[in-house]
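# Close look at the chain arrangement
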Amino acid sequence: MVESAGGGPGDGTAEVLDRPLPDGVRRRVVGIVSDGFGQLTVTELPAQLRQYARFAPNRRVKFAGNAMAAALETDTLFRQRIGEKFREAQPELAGALDSGAAPPAADPLDVAAAAYVLRPAGWVKLVTAAGEEAQRADAERADEESRAELERLRVELDHAREHTRSETERLRAELESVKREAESLHRKLRSALSDVRRGEAALRKAQAETDIVRAEAQLQMSAAESESRRLKARLGEAEAALEATRKAAREGRSVEDMRVRLLLDTLLDATQGLRRELALPPVSVRPAETVDAVEPGRMTPKDIAARALSEHDPAILDQLLALPQAHLVVDGYNVTKTGYPQMPLEKQRLRLLGQLSALAAQTGAEVTCVFDGAELAAPVLLAPPRGVRVLFSKPGVTADELIRQLVRAEPPGRPVIVASTDREVADGVARAGARPVASAVLLKRLS
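Residues numbered from 1 in each chain as written. Predicted model: local features only at pLDDT ≥ 70, side-chain atom pairs only at ≥ 80, totals over all residues. Heavy atoms only, no water.

## Considerations on the environment of Trp 123
What counts, and what does not: Strands are runs of DSSP state E lasting at least two residues, helices are runs of H or I lasting at least four, and both sets are numbered from the N terminus onward. Buried, partly exposed and exposed residues are distinguished by accessible area as a fraction of the type maximum, computed with a 1.4 Å probe on protein chains only: under 20%, between the cut-offs, and over 50%, respectively.
Mapped onto the secondary structure, Trp 123 falls in helix α7 (residues 123–249). For Trp 123, a relative accessible area of 2% gives the class buried. Remark: the alpha-carbon pair of Trp 123 and Val 111, spanning 12 residues in sequence, is separated by 9.4 Å.

Set out below in C-alpha coordinates:
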(Lines give C-alpha, C1' and ligand atoms only; values in the text may rest on other atoms or scores of the structure.)
Protein backbone atom coordinates (compact mmCIF):
# COMPACT_ATOMS: atom_id res chain seq x y z
CA MET A 1 0.00 0.00 0.00
CA VAL A 2 2.98 2.34 0.42
CA GLU A 3 3.73 2.03 -3.25
CA SER A 4 0.14 2.86 -4.25
CA ALA A 5 0.21 5.87 -1.97
CA GLY A 6 3.55 6.93 -3.45
CA GLY A 7 1.72 7.44 -6.70
CA GLY A 8 2.66 7.60 -10.30
CA PRO A 9 2.15 10.24 -12.86
CA GLY A 10 -1.64 10.18 -12.40
CA ASP A 11 -1.76 11.02 -8.69
CA GLY A 12 -1.26 14.38 -6.97
CA THR A 13 2.32 14.05 -5.75
CA ALA A 14 3.51 16.41 -8.45
CA GLU A 15 1.12 19.12 -7.35
CA VAL A 16 2.61 22.01 -5.28
CA LEU A 17 0.82 24.24 -2.78
CA ASP A 18 1.63 27.86 -3.74
CA ARG A 19 0.52 29.43 -0.45
CA PRO A 20 1.04 28.76 3.28
CA LEU A 21 -0.97 25.96 4.81
CA PRO A 22 -4.04 27.45 6.58
CA ASP A 23 -3.75 27.36 10.38
CA GLY A 24 -6.83 25.19 10.86
CA VAL A 25 -5.61 22.66 8.28
CA ARG A 26 -2.11 22.70 9.81
CA ARG A 27 -3.49 21.88 13.28
CA ARG A 28 -5.47 18.93 11.85
CA VAL A 29 -2.37 17.73 9.95
CA VAL A 30 -0.28 17.82 13.13
CA GLY A 31 -3.03 15.87 14.89
CA ILE A 32 -2.99 13.17 12.16
CA VAL A 33 0.82 12.93 12.37
CA SER A 34 0.66 12.70 16.18
CA ASP A 35 -1.94 9.90 16.02
CA GLY A 36 0.12 7.89 13.51
CA PHE A 37 3.39 8.79 15.25
CA GLY A 38 2.75 6.49 18.18
CA GLN A 39 2.10 3.48 15.87
CA LEU A 40 5.53 3.67 14.20
CA THR A 41 8.72 2.14 15.50
CA VAL A 42 11.71 4.32 16.38
CA THR A 43 13.56 3.17 13.25
CA GLU A 44 10.62 4.21 11.05
CA LEU A 45 10.75 7.78 12.41
CA PRO A 46 12.95 10.53 10.94
CA ALA A 47 16.07 11.21 12.98
CA GLN A 48 14.87 14.62 14.16
CA LEU A 49 11.64 13.12 15.59
CA ARG A 50 13.03 10.14 17.48
CA GLN A 51 13.58 12.15 20.65
CA TYR A 52 9.79 12.59 20.88
CA ALA A 53 8.95 8.89 20.51
CA ARG A 54 8.10 8.42 24.21
CA PHE A 55 6.08 11.63 24.55
CA ALA A 56 2.34 11.51 25.25
CA PRO A 57 0.19 12.66 22.27
CA ASN A 58 -0.66 16.02 23.89
CA ARG A 59 2.95 16.78 24.78
CA ARG A 60 4.07 15.56 21.35
CA VAL A 61 1.70 18.03 19.64
CA LYS A 62 2.85 20.83 21.97
CA PHE A 63 6.61 20.37 21.71
CA ALA A 64 7.10 18.60 18.33
CA GLY A 65 4.30 20.14 16.22
CA ASN A 66 6.61 22.26 14.04
CA ALA A 67 9.14 19.44 13.66
CA MET A 68 6.44 16.91 12.62
CA ALA A 69 4.95 19.35 10.07
CA ALA A 70 8.40 19.99 8.57
CA ALA A 71 9.22 16.25 8.40
CA LEU A 72 5.87 15.53 6.75
CA GLU A 73 6.62 18.14 4.09
CA THR A 74 10.23 17.08 3.35
CA ASP A 75 10.28 13.33 4.08
CA THR A 76 8.15 11.49 1.48
CA LEU A 77 8.62 8.05 3.09
CA PHE A 78 7.54 9.37 6.50
CA ARG A 79 4.47 10.98 4.92
CA GLN A 80 3.60 7.68 3.19
CA ARG A 81 3.85 5.80 6.51
CA ILE A 82 1.63 8.35 8.23
CA GLY A 83 -0.79 8.09 5.28
CA GLU A 84 -0.96 4.28 5.70
CA LYS A 85 -1.79 4.66 9.39
CA PHE A 86 -4.46 7.22 8.49
CA ARG A 87 -5.96 4.87 5.89
CA GLU A 88 -6.22 2.18 8.57
CA ALA A 89 -7.89 4.62 11.01
CA GLN A 90 -10.14 6.46 8.49
CA PRO A 91 -10.73 4.04 5.53
CA GLU A 92 -13.99 5.71 4.39
CA LEU A 93 -12.52 9.23 4.19
CA ALA A 94 -9.33 7.92 2.54
CA GLY A 95 -11.33 5.91 -0.03
CA ALA A 96 -13.53 8.88 -0.84
CA LEU A 97 -10.45 11.08 -1.42
CA ASP A 98 -8.86 8.39 -3.66
CA SER A 99 -12.05 8.33 -5.74
CA GLY A 100 -11.95 12.11 -6.06
CA ALA A 101 -15.23 12.85 -4.21
CA ALA A 102 -15.07 14.11 -0.61
CA PRO A 103 -17.94 13.12 1.73
CA PRO A 104 -20.48 15.98 1.72
CA ALA A 105 -20.99 15.86 5.52
CA ALA A 106 -17.26 15.86 6.36
CA ASP A 107 -15.57 18.87 7.94
CA PRO A 108 -13.69 20.78 5.18
CA LEU A 109 -10.67 21.14 7.49
CA ASP A 110 -10.55 17.37 8.11
CA VAL A 111 -10.87 16.72 4.36
CA ALA A 112 -8.09 19.20 3.55
CA ALA A 113 -5.78 17.74 6.24
CA ALA A 114 -6.36 14.18 4.97
CA ALA A 115 -5.76 15.30 1.39
CA TYR A 116 -2.51 17.05 2.43
CA VAL A 117 -1.26 13.80 4.04
CA LEU A 118 -2.51 11.32 1.36
CA ARG A 119 -1.80 13.61 -1.64
CA PRO A 120 -4.54 12.31 -4.00
CA ALA A 121 -5.15 14.01 -7.35
CA GLY A 122 -6.47 17.55 -6.77
CA TRP A 123 -5.34 17.76 -3.13
CA VAL A 124 -4.09 21.33 -3.61
CA LYS A 125 -7.63 22.44 -4.57
CA LEU A 126 -9.03 20.72 -1.49
CA VAL A 127 -6.49 22.45 0.79
CA THR A 128 -7.08 25.79 -0.90
CA ALA A 129 -10.85 25.39 -0.65
CA ALA A 130 -10.55 24.47 3.03
CA GLY A 131 -8.43 27.55 3.63
CA GLU A 132 -10.98 29.75 1.90
CA GLU A 133 -13.79 28.06 3.82
CA ALA A 134 -11.92 28.66 7.08
CA GLN A 135 -11.39 32.29 6.12
CA ARG A 136 -15.10 32.66 5.34
CA ALA A 137 -15.96 31.02 8.67
CA ASP A 138 -13.52 33.33 10.46
CA ALA A 139 -14.99 36.31 8.62
CA GLU A 140 -18.52 35.24 9.54
CA ARG A 141 -17.45 34.68 13.14
CA ALA A 142 -15.71 38.05 13.20
CA ASP A 143 -18.82 39.62 11.69
CA GLU A 144 -20.98 38.01 14.36
CA GLU A 145 -18.57 39.17 17.03
CA SER A 146 -18.58 42.66 15.52
CA ARG A 147 -22.37 42.70 15.54
CA ALA A 148 -22.43 41.48 19.15
CA GLU A 149 -19.80 44.07 20.10
CA LEU A 150 -21.77 46.78 18.30
CA GLU A 151 -24.92 45.77 20.14
CA ARG A 152 -23.04 45.75 23.43
CA LEU A 153 -21.61 49.20 22.69
CA ARG A 154 -25.10 50.46 21.81
CA VAL A 155 -26.40 49.15 25.14
CA GLU A 156 -23.47 50.75 26.94
CA LEU A 157 -24.09 54.00 25.08
CA ASP A 158 -27.73 53.95 26.17
CA HIS A 159 -26.65 53.28 29.75
CA ALA A 160 -24.07 56.07 29.49
CA ARG A 161 -26.65 58.49 28.16
CA GLU A 162 -29.08 57.56 30.91
CA HIS A 163 -26.31 57.89 33.49
CA THR A 164 -25.28 61.24 32.02
CA ARG A 165 -28.87 62.44 32.13
CA SER A 166 -29.33 61.38 35.76
CA GLU A 167 -25.90 62.79 36.69
CA THR A 168 -26.82 66.09 35.00
CA GLU A 169 -30.05 66.25 36.98
CA ARG A 170 -28.17 65.47 40.18
CA LEU A 171 -25.52 68.11 39.48
CA ARG A 172 -28.22 70.63 38.63
CA ALA A 173 -29.93 69.89 41.96
CA GLU A 174 -26.59 70.19 43.77
CA LEU A 175 -25.93 73.50 41.98
CA GLU A 176 -29.27 74.85 43.18
CA SER A 177 -28.45 73.68 46.70
CA VAL A 178 -25.02 75.32 46.52
CA LYS A 179 -26.60 78.56 45.27
CA ARG A 180 -29.04 78.55 48.18
CA GLU A 181 -26.21 77.83 50.59
CA ALA A 182 -24.12 80.64 49.05
CA GLU A 183 -27.01 83.07 49.48
CA SER A 184 -27.34 81.97 53.10
CA LEU A 185 -23.60 82.48 53.60
CA HIS A 186 -23.83 85.94 52.02
CA ARG A 187 -26.57 86.86 54.47
CA LYS A 188 -24.51 85.53 57.36
CA LEU A 189 -21.47 87.44 56.08
CA ARG A 190 -23.43 90.70 55.92
CA SER A 191 -24.69 90.06 59.45
CA ALA A 192 -21.14 89.32 60.62
CA LEU A 193 -19.83 92.52 59.00
CA SER A 194 -22.56 94.47 60.76
CA ASP A 195 -21.54 92.85 64.07
CA VAL A 196 -17.91 93.76 63.36
CA ARG A 197 -18.83 97.38 62.76
CA ARG A 198 -20.81 97.48 66.01
CA GLY A 199 -17.85 95.86 67.77
CA GLU A 200 -15.44 98.42 66.36
CA ALA A 201 -17.71 101.21 67.53
CA ALA A 202 -17.91 99.65 71.00
CA LEU A 203 -14.11 99.28 71.00
CA ARG A 204 -13.63 102.95 70.16
CA LYS A 205 -16.04 103.88 72.97
CA ALA A 206 -14.19 101.62 75.41
CA GLN A 207 -10.85 103.16 74.39
CA ALA A 208 -12.24 106.64 75.03
CA GLU A 209 -13.52 105.55 78.44
CA THR A 210 -10.13 103.95 79.15
CA ASP A 211 -8.37 107.21 78.34
CA ILE A 212 -10.64 109.03 80.76
CA VAL A 213 -9.99 106.46 83.49
CA ARG A 214 -6.24 106.64 82.83
CA ALA A 215 -6.31 110.44 83.22
CA GLU A 216 -8.26 110.14 86.47
CA ALA A 217 -5.80 107.49 87.72
CA GLN A 218 -2.90 109.81 86.87
CA LEU A 219 -4.48 112.56 88.96
CA GLN A 220 -5.08 110.17 91.83
CA MET A 221 -1.46 108.96 91.61
CA SER A 222 -0.19 112.54 91.84
CA ALA A 223 -2.37 113.13 94.89
CA ALA A 224 -1.16 109.86 96.44
CA GLU A 225 2.48 110.87 95.92
CA SER A 226 1.84 114.19 97.64
CA GLU A 227 0.18 112.37 100.54
CA SER A 228 3.11 109.95 100.68
CA ARG A 229 5.62 112.78 100.98
CA ARG A 230 3.57 114.34 103.77
CA LEU A 231 3.37 111.04 105.65
CA LYS A 232 7.12 110.48 105.27
CA ALA A 233 7.72 113.88 106.87
CA ARG A 234 5.45 112.99 109.75
CA LEU A 235 7.19 109.59 110.08
CA GLY A 236 10.55 111.37 110.41
CA GLU A 237 9.15 113.52 113.16
CA ALA A 238 7.74 110.45 114.95
CA GLU A 239 11.08 108.60 114.71
CA ALA A 240 12.90 111.62 116.24
CA ALA A 241 10.39 111.73 119.10
CA LEU A 242 10.80 107.95 119.64
CA GLU A 243 14.57 108.23 119.80
CA ALA A 244 14.26 110.96 122.42
CA THR A 245 11.87 108.80 124.43
CA ARG A 246 14.28 105.79 124.25
CA LYS A 247 17.16 107.93 125.40
CA ALA A 248 15.12 109.17 128.38
CA ALA A 249 14.05 105.63 129.37
CA ARG A 250 17.49 104.02 128.92
CA GLU A 251 18.67 105.02 132.42
CA GLY A 252 15.80 103.23 134.22
CA ARG A 253 15.97 100.01 132.09
CA SER A 254 18.36 97.95 134.24
CA VAL A 255 15.64 96.15 136.22
CA GLU A 256 13.66 95.41 133.08
CA ASP A 257 16.84 94.13 131.32
CA MET A 258 17.49 91.71 134.19
CA ARG A 259 13.96 90.30 133.94
CA VAL A 260 14.17 89.97 130.17
CA ARG A 261 17.57 88.19 130.41
CA LEU A 262 16.19 85.70 132.94
CA LEU A 263 13.26 84.97 130.65
CA LEU A 264 15.63 84.49 127.69
CA ASP A 265 17.81 82.00 129.65
CA THR A 266 14.68 80.07 130.60
CA LEU A 267 13.64 79.86 126.93
CA LEU A 268 17.13 78.68 125.87
CA ASP A 269 17.18 75.93 128.49
CA ALA A 270 13.69 74.81 127.40
CA THR A 271 14.81 74.77 123.73
CA GLN A 272 17.86 72.62 124.52
CA GLY A 273 15.68 70.14 126.43
CA LEU A 274 13.17 69.97 123.55
CA ARG A 275 16.00 69.31 121.07
CA ARG A 276 17.33 66.41 123.20
CA GLU A 277 13.80 65.03 123.59
CA LEU A 278 13.12 65.09 119.82
CA ALA A 279 16.65 63.83 118.97
CA LEU A 280 16.96 66.41 116.18
CA PRO A 281 20.05 65.93 113.96
CA PRO A 282 22.38 68.85 113.34
CA VAL A 283 21.60 70.99 110.28
CA SER A 284 23.43 69.56 107.21
CA VAL A 285 21.95 71.74 104.43
CA ARG A 286 22.59 75.45 104.35
CA PRO A 287 20.41 77.95 102.50
CA ALA A 288 23.25 78.83 100.16
CA GLU A 289 23.37 75.21 98.96
CA THR A 290 19.79 75.42 97.58
CA VAL A 291 20.74 78.04 95.00
CA ASP A 292 21.20 76.55 91.47
CA ALA A 293 24.79 77.33 90.34
CA VAL A 294 27.93 75.60 89.06
CA GLU A 295 30.53 74.85 91.72
CA PRO A 296 34.28 74.98 90.95
CA GLY A 297 35.56 71.69 89.50
CA ARG A 298 32.13 70.34 88.56
CA MET A 299 31.30 69.64 84.87
CA THR A 300 27.99 69.77 83.06
CA PRO A 301 27.01 68.22 79.68
CA LYS A 302 27.54 71.63 78.04
CA ASP A 303 31.15 71.74 79.31
CA ILE A 304 31.95 68.54 77.39
CA ALA A 305 31.39 70.34 74.07
CA ALA A 306 34.23 72.75 74.86
CA ARG A 307 36.82 69.98 75.05
CA ALA A 308 39.11 69.05 72.15
CA LEU A 309 37.05 66.11 70.80
CA SER A 310 35.10 65.65 67.57
CA GLU A 311 31.30 65.50 67.79
CA HIS A 312 31.52 62.01 66.22
CA ASP A 313 34.11 60.66 68.69
CA PRO A 314 32.61 57.95 70.97
CA ALA A 315 34.89 59.26 73.76
CA ILE A 316 32.43 62.18 74.13
CA LEU A 317 29.75 59.70 75.20
CA ASP A 318 32.11 58.15 77.79
CA GLN A 319 32.84 61.60 79.22
CA LEU A 320 29.12 62.45 79.37
CA LEU A 321 28.22 59.16 81.08
CA ALA A 322 31.04 59.73 83.60
CA LEU A 323 29.24 62.82 84.97
CA PRO A 324 27.55 62.30 88.38
CA GLN A 325 23.99 60.93 88.19
CA ALA A 326 24.07 60.86 84.36
CA HIS A 327 20.90 59.63 82.61
CA LEU A 328 21.11 58.24 79.03
CA VAL A 329 17.80 58.33 77.04
CA VAL A 330 17.91 56.33 73.76
CA ASP A 331 15.56 56.79 70.78
CA GLY A 332 15.34 53.01 70.15
CA TYR A 333 14.13 52.62 66.57
CA ASN A 334 16.13 55.66 65.43
CA VAL A 335 19.32 53.93 66.62
CA THR A 336 18.46 50.43 65.33
CA LYS A 337 17.30 51.65 61.90
CA THR A 338 20.55 53.62 61.63
CA GLY A 339 22.75 50.65 62.55
CA TYR A 340 20.97 47.49 61.32
CA PRO A 341 17.73 48.36 59.46
CA GLN A 342 17.55 45.06 57.57
CA MET A 343 16.75 43.05 60.75
CA PRO A 344 13.15 42.48 61.97
CA LEU A 345 11.95 44.93 64.66
CA GLU A 346 11.98 42.27 67.39
CA LYS A 347 15.62 41.35 66.71
CA GLN A 348 16.52 45.05 66.47
CA ARG A 349 15.12 45.62 69.97
CA LEU A 350 16.84 42.58 71.50
CA ARG A 351 20.21 43.47 69.99
CA LEU A 352 20.10 47.11 71.13
CA LEU A 353 18.87 46.28 74.66
CA GLY A 354 21.65 43.71 75.12
CA GLN A 355 24.28 46.27 74.13
CA LEU A 356 22.73 48.96 76.38
CA SER A 357 22.74 46.54 79.32
CA ALA A 358 26.49 46.05 78.89
CA LEU A 359 27.00 49.85 78.63
CA ALA A 360 24.98 50.45 81.82
CA ALA A 361 27.08 47.85 83.67
CA GLN A 362 30.30 49.50 82.48
CA THR A 363 29.38 53.14 83.22
CA GLY A 364 26.89 52.85 86.08
CA ALA A 365 24.68 55.45 84.38
CA GLU A 366 20.87 55.31 84.35
CA VAL A 367 19.72 54.09 80.90
CA THR A 368 16.20 54.45 79.45
CA CYS A 369 15.35 53.10 75.96
CA VAL A 370 12.18 54.44 74.28
CA PHE A 371 10.39 52.67 71.39
CA ASP A 372 7.47 53.91 69.29
CA GLY A 373 4.37 51.94 70.26
CA ALA A 374 2.58 52.86 67.00
CA GLU A 375 4.54 50.19 65.06
CA LEU A 376 3.37 47.37 67.33
CA ALA A 377 0.63 45.05 66.08
CA ALA A 378 0.21 43.55 69.58
CA PRO A 379 1.61 44.14 73.12
CA VAL A 380 5.30 43.23 73.46
CA LEU A 381 6.19 40.50 75.95
CA LEU A 382 9.69 41.65 76.84
CA ALA A 383 11.79 41.22 79.98
CA PRO A 384 13.93 44.39 80.26
CA PRO A 385 17.64 43.58 80.66
CA ARG A 386 19.48 44.49 83.83
CA GLY A 387 20.19 48.19 84.18
CA VAL A 388 17.93 49.32 81.27
CA ARG A 389 14.46 50.82 81.55
CA VAL A 390 12.33 50.00 78.46
CA LEU A 391 9.34 52.22 77.57
CA PHE A 392 6.84 52.13 74.68
CA SER A 393 4.82 55.21 73.74
CA LYS A 394 1.04 55.08 74.26
CA PRO A 395 -1.42 55.15 71.32
CA GLY A 396 -1.52 58.65 69.87
CA VAL A 397 1.83 59.60 71.45
CA THR A 398 5.05 59.34 69.44
CA ALA A 399 8.38 58.19 70.83
CA ASP A 400 9.74 61.72 70.20
CA GLU A 401 7.11 63.26 72.49
CA LEU A 402 7.78 60.61 75.18
CA ILE A 403 11.51 61.46 75.07
CA ARG A 404 10.73 65.17 75.53
CA GLN A 405 8.48 64.29 78.51
CA LEU A 406 11.32 62.29 80.10
CA VAL A 407 13.72 65.21 79.66
CA ARG A 408 11.25 67.72 81.12
CA ALA A 409 10.66 65.39 84.11
CA GLU A 410 14.34 65.60 85.16
CA PRO A 411 15.37 68.32 87.66
CA PRO A 412 17.43 71.23 86.29
CA GLY A 413 21.16 70.58 86.47
CA ARG A 414 21.08 66.78 86.15
CA PRO A 415 23.17 65.50 83.19
CA VAL A 416 20.69 64.05 80.64
CA ILE A 417 22.06 62.65 77.34
CA VAL A 418 19.64 61.83 74.46
CA ALA A 419 20.85 59.52 71.63
CA SER A 420 18.91 60.31 68.43
CA THR A 421 19.62 61.43 64.87
CA ASP A 422 16.18 63.09 64.57
CA ARG A 423 16.95 66.83 64.28
CA GLU A 424 13.58 67.83 65.75
CA VAL A 425 14.17 65.62 68.81
CA ALA A 426 17.75 66.91 69.20
CA ASP A 427 16.71 70.58 69.03
CA GLY A 428 13.80 70.04 71.44
CA VAL A 429 15.84 68.27 74.14
CA ALA A 430 18.68 70.79 73.77
CA ARG A 431 16.25 73.62 74.56
CA ALA A 432 15.11 71.64 77.63
CA GLY A 433 18.71 71.43 78.94
CA ALA A 434 19.66 67.91 77.73
CA ARG A 435 22.68 67.04 75.58
CA PRO A 436 21.83 65.40 72.19
CA VAL A 437 24.21 62.77 70.76
CA ALA A 438 23.97 61.29 67.25
CA SER A 439 22.84 57.66 66.95
CA ALA A 440 26.02 56.85 65.00
CA VAL A 441 28.14 57.91 68.03
CA LEU A 442 26.21 55.55 70.32
CA LEU A 443 26.54 52.71 67.77
CA LYS A 444 30.32 53.27 67.59
CA ARG A 445 30.53 53.19 71.39
CA LEU A 446 28.43 50.00 71.60
CA SER A 447 30.53 48.25 68.93
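Let's pick the thread back up.
## So, the pairing of strand β1 (residues 327–331)
The condition that has to hold: When DSSP locates at least two bridges between a pair of strands, those strands are taken to pair.
Most of β1 sits out of view: five of its five residues are buried. Burial along β1 is two-sided: the residues His 327, Val 329 and Asp 331 and Leu 328 and Val 330 are all buried. The sheet contact formed by β1 and strand β2 (residues 366–371) spans five bridges and is parallel. What sits directly across from Asp 331, in β2, is Val 370. Across four bridges, the pairing between β1 and strand β4 (residues 416–419) is parallel. Among the inter-strand pairings, Val 329 is bridged to a residue of β4, identified as Val 418.

## Some points on the pattern of salt bridges
What counts, and what does not: Just to be clear on terms, a salt bridge is a Lys or Arg side-chain nitrogen sitting within 4 Å of an Asp or Glu carboxyl oxygen.
Going through the model one piece at a time under the given rule, you end up with 19 salt bridges. Asp 211 serves as the salt-bridge partner of Arg 214, at 3.0 Å between the closest nitrogen and oxygen. Of the two residues, Arg 214 and Asp 211 are both situated in helix α7; the distance of three residues between them amounts to about one turn of the helix. Its relative accessible area of 45% is what places Asp 211 among the partly exposed residues. Taken together, the shared-partner salt bridges connect Glu 366, Arg 389, Glu 410 and Arg 414 into one network.

## Topic: the nonpolar core
Worth spelling out the cut-off: Side-chain atoms within 4.5 Å link the members of a nonpolar core, which is a set of buried Ala, Val, Leu, Ile, Met, Phe, Trp, Tyr and Cys residues. Contacts are assigned to residue pairs with any non-hydrogen atoms lying within 4.5 Å of each other.
Val 29, Leu 72, Phe 78 and Ile 82 are the most contacted members of the largest nonpolar core, which totals 32 residues. Looking at this core, the elements with two or more residues in it are α2 (23–37), α3 (57–74), α4 (76–89), α5 (91–99), α6 (108–118) and α7. Apart from residues lying up to four places away in sequence, Phe 78 is in contact with Val 33, Phe 37, Leu 40, Glu 44, Leu 45, Pro 46, Leu 49, Met 68, Ala 71 and Leu 72. By size, the runner-up hydrophobic cluster in this structure holds 29 residues, among which are Ile 316, Leu 321, Leu 353 and Ala 365.

## So, the side chain of Asp 372
Rules: Positive charges come from Lys and Arg, negative ones from Asp and Glu, while His and the chain ends are left out of the count. In the analysis that follows, any N or O atom pair within 3.5 Å is treated as a polar contact, provided that within protein one partner can donate a hydrogen and the other can accept it, and provided that, for residues neighboring in sequence, both atoms belong to side chains.
Tracing the backbone through its elements, the reader meets Asp 372 in the loop between β2 and β3 (388–392). Salt bridges are absent for the buried Asp 372, whose nearest opposite-charge side chain, Lys 337, sits at 7.7 Å. A distance of 3.2 Å separates a polar atom in the side chain of Asp 372 from a polar atom in the side chain of Ser 393. Among residues more than four places away in sequence, those in contact with Asp 372 are Tyr 333, Ser 393, Val 397, Thr 398 and Ala 399.

## Describing the packing of α4 against α5
Inclusion rule: The convention used is that axes are lines fitted to C-alpha atoms, helices contributing only their stretch in contact, and that angles between N-to-C directions extend from 0 to 180 degrees. Note on angle classes: values under 35 degrees are labelled roughly parallel, values over 145 roughly antiparallel, values of 65 to 115 roughly perpendicular, and the remainder oblique.
It is at 5 Å that the axes of α4 and α5 come closest, and there the two elements cross at 115°. Between α4 and α5, the angle falls in the class roughly perpendicular. For the pair α4 and α5, the contacting residues are Phe 86, Arg 87, Glu 88 and Ala 89 in the first and Pro 91, Leu 93, Ala 94 and Asp 98 in the second.

## Let's talk about the pairing of β4
Where we set the bar: Think of it like this: strands point away, you trace from the first strand over the helix to the second, and a clockwise trace means the crossover is right-handed.
Covered by surrounding structure in β4 are Val 416 and Val 418 together with Ile 417 and Ala 419, the residues of both alternating faces. With three bridges joining them, β4 and strand β5 (residues 435–437) adopt parallel strand pairing. Along β5, the bridge assignment pairs Ala 419 with Val 437. Considered for its hand, the β-α-β crossover made up of β4, helix α14 (residues 423–431) and β5 is right-handed.

## Focus: the sheet that holds β2
Pairing is parallel in the open sheet, where five strands are placed in the order β3-β2-β1-β4-β5. Pairing within the sheet leaves two strands with one partner each, and these edge strands are β3 and β5. Here the strands of the sheet are splayed against their neighbours by 20° on average, with no regard to which way each runs. Running at roughly 65° to β1, helix α11 (residues 332–339) makes contact with β1, β2, β3 and β4 of the sheet.

## Quick word on the side chain of Asp 400
For Asp 400, the position within the fold is in helix α13 (residues 399–409). Comment: no salt bridge for buried Asp 400; closest opposite-charge side chain is Arg 404, at 5.4 Å. Sequence-distant contacts of Asp 400, defined by excluding residues within four places in its chain, comprise Asp 331, Asp 422 and Val 425.

## Remarks on the packing of aromatic side chains
When we look at a pair of aromatic rings, we describe it by the centre distance and by the angle of the planes. What counts is decided by this rule: The rule is short: rings of Phe, Tyr and Trp, with Trp giving its six-membered ring, pair when the centres are within 6.5 Å, and they are stacked under 30 degrees, edge-to-face over 60, tilted in between. Two thresholds decide whether a charge sits over a ring: the Lys NZ or Arg CZ must be within 6 Å of the ring centre and within 35 degrees of the ring normal.
Under the definition given, this model contains two aromatic pairs. Over the face of the ring belonging to Tyr 333 we find Lys 337, whose NZ or CZ atom lies 5.5 Å from the ring centre.

## Thoughts on α3
Put simply, the rule reads: To estimate the expected span of a helix, subtract one from its residue number and multiply by 1.5 Å. At every residue, the bend is computed as the angle between two fitted axes, covering the seven residues ending there and the seven beginning there respectively.
Along its 18 residues, α3 runs just 22 Å from first to last C-alpha, ending more than 12% under the 26 Å computed at 1.5 Å per residue. Helix geometry: α3 is bent most strongly at Ala 64, by close to 75°. When we look at burial in α3, the residues that qualify are Arg 60, Ala 64, Gly 65, Met 68, Ala 71 and Leu 72.

## Re the environment of Ala 358
Its place among the elements puts Ala 358 in helix α12 (residues 345–363). Take Ala 358: its relative accessible area is 38%, and that puts it in the partly exposed class. As for Ala 358 and Arg 386, which are separated by 28 residues in sequence, their C-alpha atoms are 8.7 Å apart.

## As for unusual backbone geometry
In the Ramachandran plot, Gln 325 falls in the positive-phi region, its phi being about 60° despite a non-glycine side chain. Here Gln 325 lies in the loop between α10 (315–321) and β1. Residue Gln 325 is classed as exposed on the basis of its relative accessible area of 61%.

## Points about the confidence of the model for the protein chain
For clarity, the threshold we go by: pLDDT runs from 0 to 100 and stands for how confident the predictor is about each residue.
The pLDDT averaged across the protein chain works out to 79; a share of 80% of its residues lies at or above 70. Of the regions scoring below 50 in pLDDT, residues 1–10 engages in 13 contacts with residues more than four places distant in sequence or in other chains. Considering only residues more than four positions removed or in separate chains, one finds that residues 291–299, a stretch of pLDDT under 50, has six contacts.

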